[in-house]
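Chain by chain, the residues:
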Amino acid sequence: MTEHKTKVLIIGSGPAGYTAAIYAARANLEPIVVAGLEPGGQLTITTDVENYPGFAETIQGPWLMQEMRKQAENVGAKVIDDMIAEVDFSKRPFVCKGDGDNVYIGDTVVICTGAQAKWLGMESETKFRGFGVSACATCDGFFFRDKEVLVVGGGNTAVEEAIYMTNHASKVTLVHRRDELRAEKILQDRLFGHPKVNVIWDSVLEEVVGDEDPLSVTGVKLKNVKTNEISELPVEGVFIAIGHSPNTKIFQNKIELDSEGYVVGSPTDTTTSMPGVFAAGDVRDKVYRQAVTAAGQGCMGALDAAKYLQG
């Protein structure tokens, strides 16, 4: 068994985790980052990034995460490729067990485990992910200027994404498996009143179709759940908007989580229900979910941890 002790233990390594590490390291707190199952987080499966400040040209998500990791290590953070399997927040210092035989002991903990988009789990959806299939309109909408797109879902997320896409796309089709939406009434009114939006009811996405070289989406097959009839619709973009799942399984009954599993905390800082434990990024933010907002919260998490350690 190997013990790793630190003043600031950071769990997770997306923009929030690496930024927390940069700030904690520069405060001479010698932080340890446990990188997790997907080092770099959701950005490692994002190809083109155009909305992260500081880069005039389009950059690649995995490259941005590699650079953030190097920056964190260069200023003194230690990044360990491991996964936290169990946490004990009942007493300080906090004890977290790794997937192997590593044990991490932290005077403070910053949770940056992020969230994952929910996918339908179709082979064709996976194949075209990043090549016309996306789970984030605010991240990728810009690439579909004057194109026809499809949004899948019926809740607030789907309706907001569909409305957002009217800023870019020439036509937006929302497909929902039921005959009414779950979204808030005010959002529904905006959706139904928009001239660019078309809604297809009682239908599910059966398959994404497209070209091989270069890999690109050309259309979808939709199945009517009442008649089983298959129809085809030409679109160049597909947005899966059926929600997100925060990566908080190991924190159940350890800190307060809301009904969807997101960490509950103060709106003005990164504190959680457990003093000395902080949370930053998509693990607590279900509204913005951007790399830049996650990075901002990572900075806040490190500063909040430093302040806590000063007593």
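Since the structure is predicted, the reported quantities are computational estimates derived from the model, not experimental observations.

What counts and how
Residues numbered from 1 in each chain as written. Predicted model: local features only at pLDDT ≥ 70, side-chain atom pairs only at ≥ 80, totals over all residues. Heavy atoms only, no water. Helix = DSSP H or I, 4+ residues; strand = E, 2+ residues; numbered from the N terminus. Rg over C-alpha atoms; globule rule 2.2 N^0.38 Å. Buried < 20%, exposed > 50% of the residue type's maximum accessible area, 1.4 Å probe, protein only. Contact = heavy atoms within 4.5 Å. Areas by Shrake-Rupley, 256 points an atom, 1.4 Å probe, with all protein chains shown as cover. Pairing = 2+ DSSP bridges. Axes fitted to C-alpha atoms, helices over the stretch in contact; angles between N-to-C directions. Parallel < 35°, antiparallel > 145°, perpendicular 65-115°, else oblique. Left-handed = near helix turned anticlockwise from the far one by under 90°. Nonpolar A, V, L, I, M, F, W, Y, C, P; charged D, E, K, R; others polar.

Caption draft 1: Structural context of the overall build of the protein chain. When helices and strands are counted, the protein chain shows seven helices and 19 strands. Computed over the C-alpha atoms, the radius of gyration of the protein chain is 21 Å, within 12% of the 19 Å expected from 2.2 N^0.38 for a compact globule of 311 residues. Along the three orthogonal principal directions, the C-alpha set of the protein chain runs to about 60 × 40 × 35 Å. A total of 311 residues make up the protein chain; the buried ones form 48% of that total. For the protein chain, long-range pairs separated by at least 24 residues make up 58% of all intrachain contacts whose partners lie at least 6 apart in sequence. Counting only carbon and sulfur atoms, one obtains 48% of the accessible surface of the protein chain, whose full area is about 15300 Å².

Caption draft 2: Main features of the sheet that holds strand β14 (residues 203-211). Overall, antiparallel pairing links the three strands, which are arranged β14-β15-β16 in an open sheet. This sheet does not close on itself; its edge strands, each paired only once, are β14 and β16 (230-233). The mean inter-strand angle of the sheet, taken between neighbouring strand axes irrespective of direction, is 25°. Both strand β15 (residues 216-224) and β16 contribute to a ladder of four bridges, which runs antiparallel. Within the sheet, the bridge partner assigned to K221 lies in β16 and is E232.

Caption draft 3: Quick look at the environment of A158. By secondary structure assignment, the location of A158 is in helix α5 (residues 156-165). Sequence spacing of A158 and N253 is 95 residues, and the spatial spacing of their C-alpha atoms is 30 Å.

Caption draft 4: Expanded view of the sheet that holds strand β11 (residues 148-152). Here five strands make up an open sheet; going across it, the order is β10-β17-β11-β12-β13 and the pairing parallel. Across the chains shown, the open sheet's two edge strands, defined by having one partner strand only, are β10 (133-134) and β13 (197-200). In this fold α5 packs onto β11, β12 (171-175) and β17 (237-240), with an angle of close to 170° to the strand it touches most, β11.

Caption draft 5: Structural detail: the packing of helix α1 (residues 15-26) against helix α2 (residues 61-74). Across the interface, α1 lies against α2 with an axial gap of 8 Å and an inter-helix angle of 20°. The angle between α1 and α2 falls in the class roughly parallel. In this structure, the crossing between α1 and α2 has a hand that is left-handed. Note on element contacts: α2 touches α1 through M65, M68, R69, Q71 and A72, opposite P15, Y18, T19, A21 and I22. The residue makeup of the contact of α1 with α2, split by class, is seven nonpolar, two polar and one charged.

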